[in-house]
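Residue-level structural notes
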Amino acid sequence: MGLRDLLFGRSKLKDASPEQLFALSTARVTLEVELGLRAAGRAGICFKPLSAGEFARARTELTELLTVAARDSGSQVSQSTDEHGFEWIVIEDPELEDLVTTVHLVGSELVAQGFGAQLLAAVFRFDGAERPVFWIYGYKRAAFWPFVPTGKGQGRDNAEELKLKAELENELPIEQDLTRWLALFGAPV
Amino acid sequence: MLIRALSRYREYAADRGAAVITGAPENLMSALQKITGEMARIPQRDLRQVESMNAFFIVPTNIRTRASELLQTHPPTEKRLAALAEISRTMGRPV
């Protein structure tokens with residue numbers, strides 16, 4: 001950061017980084033054996049809506065990208081828009097390792113095509129506990145955080161989330177600033 | 001409602017027991033503060049909501065009325081902390 005940026009209070013936008021995603025594959029054993037959580041075979045990548053101009057360009061490129069990603073990985077890849085107007089790329093693959101690899105591939109491609117600033121988060125669903133557990137990966141912070149919605153309105157099980165943090169602290173890069181553990185209610189995964 | 005009142009009373013009693021047995025009410029006080037503090041820091045807001053607002057945060061106002069306290073099974077943390085501080089004083093070690 002230069003002196004001018006410092007004086008005017010500007011900070012450089014951090015580039016989206018998909019590199020820490022692979023830590024989730026490593027954490028699979030702990031999740032499965034110690035916590036009884038199994039990958040549900042679905043993950044989603046969430047990104048910000050594009051402006052009309054970008055949209056036309058992105059459409060064709062995204063479709064191409066998704067076809068390539070699906071062919072190379074053998075995962076099912078689809079696209080949808082949620083009620084907030086945010087775009088989702090939903091990836092289905094029974095193996096967590098393959099799921100993580102495809103999410104990484106799609107994320108890196110989006111960054112390479114110049115959509116890095118739009119890239120928000122990847123969400124992985126795990127079943128086997130009382131409630132579904134979601135691990136959210138924030139691209140800008142390159143860290144994970146747990147999200148356990150109670151299913152009632154905008155409720156979340158904070159006690160369970162803090163427990164998950166404590167259990168996986170040594171294996172996953174976990175977001176240490178709890179105020180950044182933002183929710184993703186109704187994610188299509 | 002009576003059961004909930006009883007539950008709140010027992011919670012104070014449990015706090016008191018823990019404080020007297022360990023002889024260190026301040027340990028329980030700091031644990032209580034830590035847990036409620038951490039939970040309070042986890043946001044309710046949705047990532048997409050925050051992104052659309054461009055980091056223009058609106059702090060939710062949390063109004064806790066006395067009426068809602070009557071429906072809780074646990075007393076509010078501030079009251080538990082106050083009760084523990086009182087115990088600490090009677091034990092001759094003001095916090």
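In this report, we go over the structure that sits alongside the text.

Cut-offs and rules
Residues numbered from 1 in each chain as written. Chains lettered and ligands numbered in written order. Predicted model: local features only at pLDDT ≥ 70, side-chain atom pairs only at ≥ 80, totals over all residues. Helix = DSSP H or I, 4+ residues; strand = E, 2+ residues; numbered from the N terminus. Contact = placed C-beta atoms within 7 Å. Pairing = 2+ DSSP bridges. Axes fitted to C-alpha atoms, helices over the stretch in contact; angles between N-to-C directions. Core = buried A, V, L, I, M, F, W, Y, C linked by C-beta atoms within 7 Å. Buried ≥ 20, exposed ≤ 12 C-beta atoms within 10 Å, placed from the backbone. Nonpolar A, V, L, I, M, F, W, Y, C, P; charged D, E, K, R; others polar. Expected span 1.5 Å × (residues − 1). Arc of directions from axis to C-beta. Parallel < 35°, antiparallel > 145°, perpendicular 65-115°, else oblique. Left-handed = near helix turned anticlockwise from the far one by under 90°.

On to the overall build of chain B. When helices and strands are tallied, chain B shows five helices and zero strands. For chain B, the sequential pattern of α-helices and β-strands runs α-α-α-α-α. A fraction of 79% describes how many contacts in chain B between residues 6 or more apart in sequence connect residues 24 or more apart.

Another point: the sheet that holds strand β3 (residues 87-92) of chain A. Across a sheet, strands are paired by hydrogen bonds formed along the backbone, either parallel or antiparallel in direction. Residue and element names in this part refer to chain A. A sheet is described by the order of its strands in space; here six strands give the open sequence β2-β3-β1-β4-β5-β6, paired in antiparallel fashion. At either margin of the open sheet sits one strand with a lone partner, and together these are β2 (76-81) and β6 (143-147). Sheet twist, expressed as the average angle between the axes of neighbouring strands with direction ignored, equals 25°. Here strand β5 (residues 133-138) pairs with β6 via five bridges, running antiparallel. Bridge pairing in β6 places Trp135 opposite Pro146.

A separate point is the nonpolar core. Residues Val103, Ala121, Ala122, Val123, Phe124, Ile136 and Leu184 of chain A are the most contacted members of the largest nonpolar core, which totals 55 residues. Mapped by element, the contributors of at least two residues to this core are β1 (38-47), α4 (52-73), β3, α5 (96-112), β4 (119-127), β5, β6 and α6 (158-168) of chain A. Considering every element that reaches this core, the biggest residue donor is β4 of chain A, with seven residues. With residues up to four places along the chain from it excluded, the contact list for Phe124 of chain A reads Leu24, Ala39, Ala43, Phe134 and Trp135 of chain A. Core analysis: the second largest hydrophobic core is formed by five residues, Ala19, Leu28, Met29 and Leu84 of chain B among them.

Our next topic: the interface of chain B and chain A. A common way to express how large an interface is: the accessible area buried when the components associate. Opposite the twelve residues of chain B that make contact, chain A presents 16 residues. Secondary structure elements with two or more residues in the side of chain B that touches chain A: α2 (25-41) and α3 (47-52) of chain B. For the side of chain B that touches chain A, the leading source of residues is α3 of chain B, giving four residues. Among the residues making up the side of chain B that touches chain A, the classes are represented as five nonpolar, one polar and six charged.

Next up on the list: α2 of chain B. All names here are of chain B. The end-to-end C-alpha separation of α2 is 24 Å, in line with the 24 Å expected for 17 residues at 1.5 Å each. Taken as a whole, α2 has its buried residues at Pro25, Leu28 and Met29. Summarising the axial view, the buried residues of α2 lie within an arc of 105°, below the 170-degree limit, and thus occupy one face. Turned more than 90 degrees away from the buried face of α2, the exposed residues are Ala31, Lys34 and Gly37.

Attention now moves to unusual backbone geometry. Positioned with a positive phi, Ala142 of chain A is a non-glycine residue whose angle comes to about 50°. Assignment of secondary structure puts Ala142 of chain A in the loop between β5 and β6.

Turning our eyes to something else, we now look at the pairing of β2 of chain A. All names here are of chain A. Where β2 meets β3, six bridges bridge the pair, whose relative direction is antiparallel. Its bridge partner lying in β3, Ser80 is registered against Trp88. Counting the residues in the hairpin turn of β2 and β3 gives five residues, including Gly85, whose phi is positive at 85°.

Let's shift gears to the environment of Thr30 of chain A. Residue and element names in this part refer to chain A. Tracing the chain through its elements places Thr30 in helix α3 (residues 28-34). For Thr30, a count of 15 C-beta atoms within 10 Å translates into the label partly exposed. Through-space distance from the C-alpha of Thr30 to that of Glu171 is 8.7 Å; in sequence the pair is 141 residues apart.

We now examine the environment of Leu35 of chain A. Structurally, the position occupied by Leu35 of chain A is in the loop between α3 and β1. When the C-alpha atoms of Leu35 of chain A and Glu167 of chain A are compared, they prove to be 8.7 Å apart, with 132 residues separating the residues in sequence.

On to the packing of helix α1 (residues 2-22) of chain B against helix α5 (residues 77-90) of chain B, then. All names here are of chain B. In the contact formed by α1 and α5, the axes pass within 10 Å of each other and the chain directions differ by 40°. Put simply, α1 runs oblique to α5. In the crossing of α1 with α5, the sense of the turn from one axis to the other is right-handed. On the side of α1, the interface is formed by Tyr12, Asp15, Arg16 and Ala19, while α5 contributes Arg80, Ala83, Leu84 and Ile87. Tallied by class, the residues present in the contact of α1 with α5 amount to five nonpolar, no polar and three charged.

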